2 protein chains.
Amino acid sequence: MKPYVLGIDIGGTNTVFGLVDARGKVIASSSIKTGKHSKFADYLDELYTEATRLIQANDAVDKVHGIGIGAPNANYYTGTIDDGVNLPWPSPIPLAQAVSEKFGIPTAVTNDANAAALGEMTYGAARGLKDFIMITLGTGVGSGIVVNGQVVYGHDGLAGELGHMIVKRNNGRLCGCGRTGCLEAYCSATGVARSAREFLEVRTEPSLLREIPIDQITSKDVYDAAMQGDQIAKDIFDYTGTILGEALADMMVFSSPQAFILFGGLAKSGDLLMKPLVEAMDRSMLSLFRGKPKVIMSELKEADAAVLGASALGWEAKPSIAQAAAIAAAAVPAAE
Amino acid sequence: MKPYVLGIDIGGTNTVFGLVDARGKVIASSSIKTGKHSKFADYLDELYTEATRLIQANDAVDKVHGIGIGAPNANYYTGTIDDGVNLPWPSPIPLAQAVSEKFGIPTAVTNDANAAALGEMTYGAARGLKDFIMITLGTGVGSGIVVNGQVVYGHDGLAGELGHMIVKRNNGRLCGCGRTGCLEAYCSATGVARSAREFLEVRTEPSLLREIPIDQITSKDVYDAAMQGDQIAKDIFDYTGTILGEALADMMVFSSPQAFILFGGLAKSGDLLMKPLVEAMDRSMLSLFRGKPKVIMSELKEADAAVLGASALGWEAKPSIAQAAAIAAAAVPAAE
């Protein structure tokens, strides 16, 4: 097997890519601006040029086993992005096909949370685990579910949207998805900021958070205030951790994972989040499962995690029939 | 491959078993009383005697590929019943090991809802489906989750307890599991009977159900009244169907199944249940999945379903190392 994979993480702002070895070492990485090109073909040209430069500079030509791509809403089965809400190109975007054709390398795609789960399983905290659930706590809440060593993709490739579990059935917050009461509306960074606004409205005692214009408060501000002992800020973390803990208990009855792995800014809040979370999870757990699942932090460095996760998919990328044809076609000029 | 499997369904009252062929035809079946023997060894003796009689009468000696057993709380991985609440023998019960030793045939066990899912996949409504969720609506609510053609057992063999999803986070009904607000407390036969008692207390208009002593009302009574146009009874089905529909929408974000398959007495309530269920499911569905999953009824005859489900597991029964040794030991006297 060739010794490297190329991991590509496509975000709304930046596309980060890196050359990764089998032990999860990022040999080299770089990035381009995702939104710079209004045409997908031009974006692909720049990605190819820059990634090829990286590959050549690291003596990795013909040594890349596969390309793995993590992107919002990317569909593992079809290789496409069917609803690229934050991307400047019209959907569907035939991502896997286009990239494998351009590079002449087998390519697989999935959404960023599934990529994160694969990254943890291949290089991180989930090594050796066959049943776990990855929860990414960022601007939104993403998830990647692994059952018996396999990512759960569902019949349409879109499974694992646990950020949209309903945690408040009545009078819940409006979520970006148009429904109300989703986990993401409470336990994301934006959810914590919303909680801050609600708590500051409802409560009257002084708080460090009152020094910040209310619509500019971020989850980081809440964290900083809580670390300085601010009671309202600590209560916001209690509230957030409790909701997330109850949700994890509910996920347990589905796939009975060995562990929940948390990733993202909010996951680094330490005991502020973890203490109420674990208490609520244990309290809410069906007795059959009580005390069984671990809640652990991602072991991947945040700067590398997205590229590592995407790269993990590269190891299992196999040429589809269409990809194989494209790779063969791309190989012809090289052979001349 | 040998042409038959033996399916055994162990319930609190009866143990039903049957000889099944590869097309899902129950060649012959019989039953014994589960609770008759206070010792598990005596129970096993009677089961062996009666099942052997059945096998011999149908010319199936040495033609049984495997034995599949469905039993409450049976663990696929360990082959044991760790918490046999309705059974007269002390837990853990080493079910797979004891049966395979006794019969000299590879044996696998799982809980009844997982067995039902396997039955639908092998012989019923889920043939050809790789991603579906089986929901059994009986005295309780059970579930069997199939992802990519495999039953989800989880790390401990106990996954798929969707009857214990929390559907009412606040002020929910007490469930048999000791927690409050579980799906099972609302959408089981007993849940419907509880709804009847609540509705009759809260509402004042006449109802056919008022002719029955309130603590004797069954879900069947509610069905009969609704079929006669009783408004309170119809509203109880609306209430039940709505809660179940919202729960199915929530299950969708987990594994994105192609279909939900409903089984059990309540599932046969037709449009009374299905209409509010599908409306609530569609209304509550994340847009990504809206309109995708089908909700279908089990295709297995209720009388045969438990045996067929258990038998389906017999096709995949492989001797464990301990089982292989036991089978070899059992074969010695036969060879003499």
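Residues numbered from 1 in each chain as written. Chains lettered and ligands numbered in written order. Predicted model: local features only at pLDDT ≥ 70, side-chain atom pairs only at ≥ 80, totals over all residues. Heavy atoms only, no water.

Moving on: helix α6 (residues 219-227) of chain A. Residue and element names in this part refer to chain A. The complete set of buried residues in α6 reads S219, V222, A225 and A226. Looking straight down α6, one finds its buried side chains confined to an arc of 120 degrees; they lie on one side. Counted as exposed and oriented over 90 degrees from the buried face of α6: K220 and M227. Looking at the buried side of α6, the elements it contacts are α5 (189-202), α7 (231-255) and α8 (271-284). A positive phi of about 90 degrees marks G229, the residue just after α6. (Buried < 20%, exposed > 50% of the residue type's maximum accessible area, 1.4 Å probe, protein only. Helix = DSSP H or I, 4+ residues; strand = E, 2+ residues; numbered from the N terminus. Arc of directions from axis to C-beta. Contact = heavy atoms within 4.5 Å.)

All right, on to the side chain of A:S298 then. Residue and element names in this part refer to chain A. Its place among the elements puts S298 in the loop between β10 (294-297) and α9 (302-315). Of the residues examined, S298 reaches a relative accessible area of 17% and is grouped as buried. Ignoring sequence-local partners within four residues, the contact set of S298 consists of E120, I261, L262 and F263.

Of the consecutive residues A:S91 and A:P92, the connecting peptide bond is found in the cis state with omega at -10 degrees. Tracing the backbone through its elements, the reader meets A:P92 in the loop between β4 (64-70) and α2 (95-103). One non-glycine residue, B:N148, lies in the positive phi region at around 50 degrees. Considering the arrangement of structural elements, one finds B:N148 in the loop between β7 (141-147) and β8 (150-151). The phi torsion at B:N171 lies on the positive side, around 60 degrees, for a residue other than glycine. Summarising the element assignment, B:N171 is placed in the loop between β8 and α4 (184-187). Assessed through its relative accessible area of 82%, B:N171 is described here as exposed.

Residue and element names in this part refer to chain A. Domain annotation for chain A reports domain 1 (4-116 + 303-335) and domain 2 (129-299). One C-alpha centre belongs to domain 1, the other to domain 2; they are set 30 Å apart. Between domain 1 and domain 2, the contact holds 10 residues from the first and 15 residues from the second. Carbon and sulfur atoms make up 56% of the area that domain 1 and domain 2 hide from each other, which totals about 950 Å². Counting the surface domain 1 buries against domain 2, the share from its top three residues, Y77, A113 and N114, is 47%. Applying the counting criterion to the domain 1 and domain 2 interface returns zero salt bridges. Across the contact surface, domain 1 and domain 2 share two residue pairs in polar contact (both at pLDDT 80 or more). Looking at the side of domain 1 that touches domain 2, the elements with two or more residues in it are α3 (112-123) and α9. If one sorts the elements of the side of domain 1 that touches domain 2 by residue count, α3 sits on top with three residues. When grouped by side-chain class, the residues that make up the side of domain 1 that touches domain 2 number six nonpolar, four polar and no charged. (Domains from an automatic or database assignment. Buried area = accessible area lost by both parts, 1.4 Å probe. Salt bridge = Lys/Arg side-chain N within 4 Å of Asp/Glu carboxyl O. Polar contact = N/O pair within 3.5 Å; in protein donor to acceptor, adjacent residues only side chain to side chain. Nonpolar A, V, L, I, M, F, W, Y, C, P; charged D, E, K, R; others polar.)

Once turned by 180 degrees and shifted 0.0 Å along the axis, chain B lies on chain A with an RMSD of 0.0 Å. Classification of the inter-copy transformation places it as that of a two-fold axis. (Least-squares fit on C-alpha atoms with pLDDT ≥ 70 in both.)

Time to look at the pairing of strand β5 (residues 107-110) of chain A. Remember that side chains alternate between the two faces of the sheet whenever the strand is regular. Neither face of β5(A) is exposed, since A:T107 and A:V109 on one face and A:A108 and A:T110 on the opposite face are all buried. A crossover connection joins β4(A) to the parallel β5(A) through α2(A); in handedness this β-α-β unit is right-handed. (Right-handed = clockwise from strand over helix to strand, strands pointing away.)

A few words now on the interface of chain B and chain A. With 36 residues of chain B at the interface, the matching set in chain A holds 36 residues. Both sides together, the interface formed by chain B and chain A hides about 3400 Å², and carbon and sulfur atoms give 60% of it. Summed over the three residues of chain B that lose the most area to chain A, namely B:H155, B:R169 and B:F254, the buried surface amounts to 24% of that side. One can count six salt bridges joining chain B with chain A. We note a salt bridge from B:D156 to A:K292, for which the minimum N-O separation is 2.7 Å. Our count for the contact surface shared by chain B and chain A stands at 16 residue pairs in polar contact (both at pLDDT 80 or more). Within the residue set of the side of chain B that touches chain A, elements represented by two or more residues are β7 and α7 (231-255) of chain B. The element best represented in the side of chain B that touches chain A is α7(B), accounting for seven residues.

Another aspect to go through is α7(B). Residues spaced three or four apart along an α-helix face the same direction, because each turn holds 3.6 residues. Residues and elements named next belong to chain B. For α7, which comprises 25 residues, the first-to-last C-alpha distance of 36 Å matches the rise-based estimate of 36 Å (1.5 Å per residue) to within 8%. Burial runs high along α7: 20 of the 25 residues are buried. Where α7 begins, one side-chain oxygen reaches toward the backbone nitrogen of I232, 3.3 Å away; that side chain belongs to D230. The positive-phi residue at the C-terminal boundary of α7 is S256, with phi of around 40 degrees. (Expected span 1.5 Å × (residues − 1).)

Residues and elements named next belong to chain B. You can see D230 is positioned in the loop between α6 (219-227) and α7. Notably, D230 is buried but unbridged: the nearest opposite-charge side chain belongs to R203, and the N-O separation is 7.5 Å. For D230, the side chain forms a polar contact with the side chain of S207, separated by 3.0 Å. When near neighbours in sequence (up to four residues on either side) are disregarded, D230 contacts S207, L208, L209 and A225. (Lys, Arg positive; Asp, Glu negative; His and termini not counted.)

Our next topic: the pattern of salt bridges. One side chain can pair with another of opposite charge once the charged atoms of both are near each other. Inspection of the entire model under this criterion finds 30 salt bridges over all chains. As a salt-bridge pair, A:E246 and B:R169 come within 3.8 Å of each other at their nearest N and O atoms. Here B:R169 lies in the loop between β8 and α4 and A:E246 lies in helix α7, a pairing that spans two chains. Accessibility expressed as a relative area gives 24% for B:R169, which makes it partly exposed. Residues B:E50 and B:R53 are paired through a salt bridge, measuring 3.2 Å at the closest nitrogen-oxygen approach. Taken as a pair, B:E50 and B:R53 lie in helix α1 (residues 40-57) at a separation of three residues, close to a single helical turn. For B:E50, a relative accessible area of 22% puts it in the partly exposed group.

The next thing to look at is the state of the cysteines. Residues and elements named next belong to chain B. Tallied over the entire structure, the rule returns zero disulfides over all chains. We note that C182 lacks a disulfide partner, and the nearest cysteine sulfur, in C177, lies 3.7 Å from it. Among the cysteines around C187, which has no disulfide bond, C182 carries the closest sulfur, lying 11 Å off. When its relative accessible area of 0% is taken as the criterion, C187 is described as buried. (Disulfide = S-S within 2.5 Å.)

So, on to the environment of B:A324. Residue and element names in this part refer to chain B. Position of A324 relative to the elements: it lies in helix α10 (residues 321-335). In this structure A324 comes out as partly exposed when scored by relative accessible area, which is 37%. Separated by 227 residues in sequence, A324 and Q97 place their C-alpha atoms 9.8 Å apart.

Right, let's talk about the sheet that holds β4(A) for a bit. Residues and elements named next belong to chain A. Pairing is mixed across the open sheet formed by five strands, whose spatial order is β3-β2-β1-β4-β5. In this open sheet, the two edge strands, each paired with only one partner strand, are β3 (26-33) and β5. Averaged over all pairs of adjacent strands, the angle between their axes in this sheet comes to 15 degrees, without regard to strand direction. Sheet analysis places strand β1 (residues 4-10) next to strand β2 (residues 14-21), joined by seven bridges and oriented antiparallel. Paired with L6 across the two strands is L19, which belongs to β2. Relative to β2, helix α1 (residues 40-57) is tilted by about 30 degrees, and along the sheet it contacts β1, β2, β3 and β4. (Pairing = 2+ DSSP bridges. Axes fitted to C-alpha atoms, helices over the stretch in contact; angles between N-to-C directions.)

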